[in-house]
Amino acid sequence: MKISEMHVTPIAISDPPLLNAAGLHAPFALRTIVELVTDDGFYGLGEIPGGEAITQGLLDCRDAVLSQDPFQLNNMATLLSEKFKSKNPRQLALAQSALEVACFDLMGKATNRPVVDLLGGKARDQVDFAAYLFYKYEGVGGELGFAPKPEATGWNAARGAEALDAQGIVRQAQAISQAYGFKSLKLKGGVFPPEEEVEAMFALREAFGENVPLRLDPNAIWSLETSIRWGKKLEGVLEYYEDPVRTQASMAELGKSVNLPLATNMCTTSFSDIPTAMQLGSEAIILSDHHYWGGLRATVDLARICQTFGRGLSMHSNSHVGVSLAAMVQVGAALPYLSYACDTHYPWQYEDIIQESFAFKEGALEVSDRPGLGVTLDRDKLALLHERYLKCGITERNDELAMQEKQPGWRFEASRW
Ligand code: GKR
Ligand code: MG
């Protein structure tokens, strides 16, 4: 079995005007899709964050991929590392991830087994996800940034609605939880002054009760002093406090002052960060992400490290389509040690490139037994979203620029409060 074709397709999916510390989501989020085809007629899919540089990075890997046997992942990993040398570790991890996932999809199809079986088999039959709440402007993104139809109800109405204060967040949480059955709630913070976001956490606690775990993620835009001050108020309220402050050293300091588990997808983000994370004790929980950590096997390795060192493991996400979600579920199912419900942006998206739809039940997704990732590429949709990418004029994610369209002169600040 040899890889005979490699197709790299950047796409743009409609994305709602969600707010975060870096600004605002643009009307389109970029993803890059890789399709590997073998000489015996199978195709395998991978998905990573998009944009010109990432897409080019993947295209540059062609020589390391064509004519290779998809089962020989170690060989491919060596070829890819040689290609990137140590110049761009992030780009390497993304390329590794896209290609490794596509190879797993191929291996699964060739052996008639789901990817989870190639990773050691199911440690669970379903993977739990958390509701991902965002402050947002009105609209659902896309060509016109259009508002939902007036007759929309439930989550369809809520995901188009404005949510700019605590009560807006509670309404959003109620709608998303009712639609998907999520049992944990995460608020993307770093948007409004800390007191308003802390008020939102208390409003969620009041509305959902103490059995629904809550998380707050200000994306490292708070100072250490601010993180300590507000962290103390949130003791006993949060399941975890995600990246309120930047750097492992500051997280370690924060951990000494507040009685809350600290989680990260910003301070400890690669295997080379692990030794300091353990020396400093910077975080209690690491948010894995197969896109950034280098693939599915890397995620299994990360889980083992977390278990060994007594750290919790959760999962991070960005706006994504169904190939990523399928991979998250397959790898999530293979992790004997996954201590928290995973993040996903999926409920915010309403476009995809696969034919299947995912049915969340009680906030969880069943692990598919279909071969490979268990998804079928919809070539018409892929072509449409690629066309969109070419036309939309966005070549890199830039939340600051998108925010400036709404608020001229707005500037990102690494530490705002
Ligand atoms: O989608 O706005 C967003 C998030 O802020 C995303 O970009 C982050 O990477 O979800 C992420 C996080 O947990 O930090
Ligand atoms: Mg985060």
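What counts, and where the lines are drawn
- The written sequence of each chain sets the order in which its residues are numbered from 1.
- Lettering for chains starts from A, numbering for ligands starts from 1, and both go in the order in which the items are written.
- Totals for whole chains, interfaces and linings use every residue, but because this is a predicted model, local features are given only for residues with pLDDT of at least 70 and side-chain atom pairs only at 80 or more, for both listing and counting.
- Side-chain metrics in this entry use all non-hydrogen atoms of the structure; hydrogen atoms and water are not considered.
- For this description, a residue counts as near a given molecule or strand if any of its non-hydrogen atoms is within 4 Å of it.
- Think of a polar contact as two N or O atoms within 3.5 Å of one another; within protein, one of them needs to be a possible hydrogen donor and the other a possible acceptor, and neighboring residues in sequence only count if both atoms come from side chains.
- Each helix is a run of DSSP H or I of at least 4 residues and each strand a run of E of at least 2, with the numbering of both proceeding from the N terminus.
- Residues are sorted three ways: Asp, Glu, Lys and Arg are charged, Ala, Val, Leu, Ile, Met, Phe, Trp, Tyr, Cys and Pro are nonpolar, and all the rest, Gly among them, are polar.
- As used throughout, domain bounds are those supplied by an automatic or database domain assignment.
- Should any heavy atoms of two residues lie within 4.5 Å, those residues are considered in contact.
- Accessible area that two parts lose when put together, evaluated with a 1.4 Å probe and summed over both, is termed the buried area.
- Criterion for a salt bridge: a side-chain nitrogen of Lys or Arg within 4 Å of a carboxyl oxygen of Asp or Glu.
- Relative accessibility under 20% of the residue-type maximum defines a buried residue, over 50% an exposed one, and the middle range a partly exposed one, all with a 1.4 Å probe and only protein chains included.
- By the convention used here, strands pair only if DSSP detects at least 2 bridges between them.
- Structural elements are reduced to axes, namely lines fitted to C-alpha atoms, with helices fitted over the stretch in contact, and the angle between N-to-C directions of any two is expressed from 0 to 180 degrees.
- Geometric relationships in this document are graded by angle, where less than 35 degrees denotes roughly parallel, more than 145 denotes roughly antiparallel, 65 to 115 denotes roughly perpendicular, and other angles denote oblique.
- With the far helix as reference, a near helix turned anticlockwise by less than a right angle produces a left-handed crossing, and one turned clockwise produces a right-handed crossing.

**Q** Give a description of the site of ligand 1 that names residues and reports values.
**A** The environment of ligand 1 is made up of 15 residues, and the closest members are Asn 20, His 25, Tyr 132, Asn 219 and His 345. Between an oxygen atom of ligand 1 and a side-chain N or O atom of Asn 219, the distance comes to 2.8 Å. Arg 397 has a polar side-chain atom sitting 3.0 Å from an oxygen atom of ligand 1. Put simply, the parts of the chain that give the shell around ligand 1 at least two residues each are strand 7 (131-134) and strand 8 (185-188). Residues belonging to the shell around ligand 1 are distributed by class as follows: two nonpolar, eight polar and five charged.

**Q** An account of the domain arrangement of the protein is requested, with residue identities and associated values reported.
**A** According to the domain assignment, the protein consists of domain 1 (3-113 + 378-392) and domain 2 (118-366). Computed from C-alpha atoms alone, the centre-to-centre distance between domain 1 and domain 2 is 23 Å. Residue-level contacts link 40 residues of domain 1 with 45 residues of domain 2. Both faces considered, domain 1 and domain 2 share a buried interface measuring about 3,500 Å² in area, 64% of it formed by carbon and sulfur atoms. Counting every contact that joins domain 1 to domain 2 gives three salt bridges. Along the contact surface separating domain 1 from domain 2 lie 18 residue pairs in polar contact (both at pLDDT 80 or more).

**Q** Let's hear about the pairing of strand 4 (residues 28-38): which residues, and what values?
**A** Strand 4 sits mainly inside the fold: eleven of its eleven residues count as buried. Burial along strand 4 is two-sided: Phe 28, Leu 30, Thr 32, Val 34, Leu 36 and Thr 38 facing one way and Ala 29, Arg 31, Ile 33, Glu 35 and Val 37 facing the other are all buried. Taken together, the eleven bridges between strand 1 (residues 3-14) and strand 4 define a ladder with antiparallel strand orientation. Bridge pairing links Pro 10 to Thr 32 in strand 4. Two elements, strand 4 and strand 5 (residues 43-49), share seven bridges in a ladder whose sense is antiparallel. Of the residues in strand 5, the one forming a bridge with Thr 32 is Ile 48.

**Q** Can you explain the packing of helix 3 (residues 73-84) against helix 4 (residues 89-111)? Please cite residues and give values.
**A** Across the interface, helix 3 lies against helix 4 with an axial gap of 10 Å and an inter-helix angle of 155°. In terms of orientation, helix 3 lies roughly antiparallel with respect to helix 4. The crossing of helix 3 and helix 4 is right-handed. Touching Leu 73, Met 76, Ala 77, Leu 80, Ser 81 and Phe 84 of helix 3 are Gln 91, Leu 92, Ala 95, Gln 96, Leu 99, Glu 100, Cys 103, Phe 104 and Met 107, all from helix 4. Considered class by class, the residues forming the contact of helix 3 with helix 4 number eleven nonpolar, three polar and one charged.

**Q** Mind laying out the packing of helix 1 (residues 52-59) against helix 4, listing which residues take part and the relevant values?
**A** Packing of helix 1 against helix 4 brings their axes to within 9 Å, and their N-to-C directions diverge by 65°. At the point where helix 1 passes helix 4, the crossing takes the right-handed sense. Between helix 1 and helix 4, the residues in contact are Ala 53, Ile 54, Gly 57 and Leu 58 and Gln 91, Leu 94, Ala 95, Ala 98 and Leu 99, respectively. Grouping the amino acids of the contact of helix 1 with helix 4 by side-chain chemistry returns seven nonpolar, two polar and no charged.

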